[in-house]
Amino acid sequence: MDTLLKLPSLQKDGQLDRQLLSSISSMMSSRGFPKAGDVDTLLKLPSLQKDGQLDRQLLSSISSICHGKGFPKAGDVDFRC
């Protein structure tokens, strides 16, 4: 658990980004802890980036759709409306 909570990709201004963790928690509900590499892969998907930053609104929407189903595959989110 310490490894997950200390991931640089889950940090914002030196603190745990609780909003981001909440989105990941929603996807992983009842599936256990995600692997650190899987978290990094998800957060670095080009389709989740907007102006070089993680599109948090899009991630939150995907998290809602994937509630309890685990992380989506890159091809599942590789689109733009």
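Above this text is the structure in question.
Each value, and the rule that gives it
- Here the residue numbers are simple positions, counted from 1 along each chain's written sequence.
- With pLDDT at 70 or above as the cut-off, local features in this predicted model cover only qualifying residues; side-chain atom pairs require 80 or more to be listed or tallied, and sums for whole chains, interfaces and linings still use all residues.
- As a convention, hydrogens and water are excluded, and side-chain values are obtained from all of the structure's heavy atoms.
- What counts as a salt bridge is simple: a side-chain nitrogen of Lys or Arg found within 4 Å of a carboxyl oxygen of Asp or Glu.
- Only runs of H or I of at least four residues qualify as helices and only runs of E of at least two qualify as strands under DSSP, and these elements are numbered from the N terminus.
- Whether a residue is buried, partly exposed or exposed follows from its accessible area with a 1.4 Å probe, protein chains only, as a fraction of its type maximum: under 20%, in between, or over 50%, in that order.
- Between N or O atoms, a polar contact is any pair within 3.5 Å; within protein, one atom must be a potential hydrogen donor and the other a potential acceptor, and residues adjacent in sequence are included only when both atoms are from side chains.
- Residue contacts are counted whenever heavy atoms from the two residues lie within 4.5 Å of one another.
- Directions from the helix axis toward the C-beta atoms define the arc.

Asker: I'm lost on the pattern of salt bridges in this one. Help?
Answerer: Side chains that carry opposite charge are capable of pairing whenever their charged atoms lie near each other. Scanning the model with the defined rule gives one salt bridge in all. Note that R56 is salt-bridged to D17, the shortest N-O span being 2.6 Å. Residue R56 is located in helix α4 (residues 56–65), and its partner D17 is located in the loop between β2 (15–16) and α2 (18–27); the two are separated by 39 residues in the primary sequence. On the basis of relative accessibility, which here comes to 28%, the residue R56 falls in the partly exposed class.

Asker: Would you take a moment to explain the side chain of D55 for this structure?
Answerer: Secondary-structure assignment places D55 in the loop between β4 (53–54) and α4. Take D55: its relative accessible area is 13%, and that puts it in the buried class. Separated by 3.3 Å, the side chain of D55 and the backbone nitrogen of Q57 make a polar contact.

Asker: Any chance you could explain the side chain of D17 here in plain terms?
Answerer: For D17, a relative accessible area of 7% gives the class buried. In terms of polar contacts, D17 uses its side chain to reach the backbone amide nitrogen of L20, at 3.1 Å. Other than its neighbours up to four places away in sequence, D17 contacts L10, Q11, K12 and R56.

Asker: Please explain unusual backbone geometry as it appears in this structure.
Answerer: The bulk of non-glycine residues show a negative phi, and the bulk of peptide bonds are trans. Look at D13: it is not a glycine, yet its phi comes out positive at around 55 degrees. Note that D13 resides in the loop between β1 (11–12) and β2.

Asker: Would you explain helix α3 (residues 36–43) in this entry?
Answerer: Each full turn of the α-helix corresponds to 3.6 residues, which orients residues three or four apart in the same direction. Buried within α3 are the following residues: V39, L42 and L43. For α3, the angular spread of buried residues about the axis comes to 90 degrees, placing them on one side.

Asker: Would you mind going over the environment of Q53 with me for this structure?
Answerer: Topologically, Q53 is positioned in strand β4. For Q53, a relative accessible area of 55% gives the class exposed. Between the C-alpha atom of Q53 and that of L43, which follows or precedes it by 10 residues, the distance is 9.7 Å.

Asker: How should α2 be read in this particular structure?
Answerer: Looking only at α2, the buried set comprises L20, S23, I24, S26 and M27. Down the axis of α2, the sector holding all buried residues measures 155 degrees, keeping them to one side. Buried residues in α2 make contact with α3, β4 and α4. Where α2 begins, the side chain of D17 points an oxygen toward the backbone nitrogen of Q19, at a separation of 3.3 Å.

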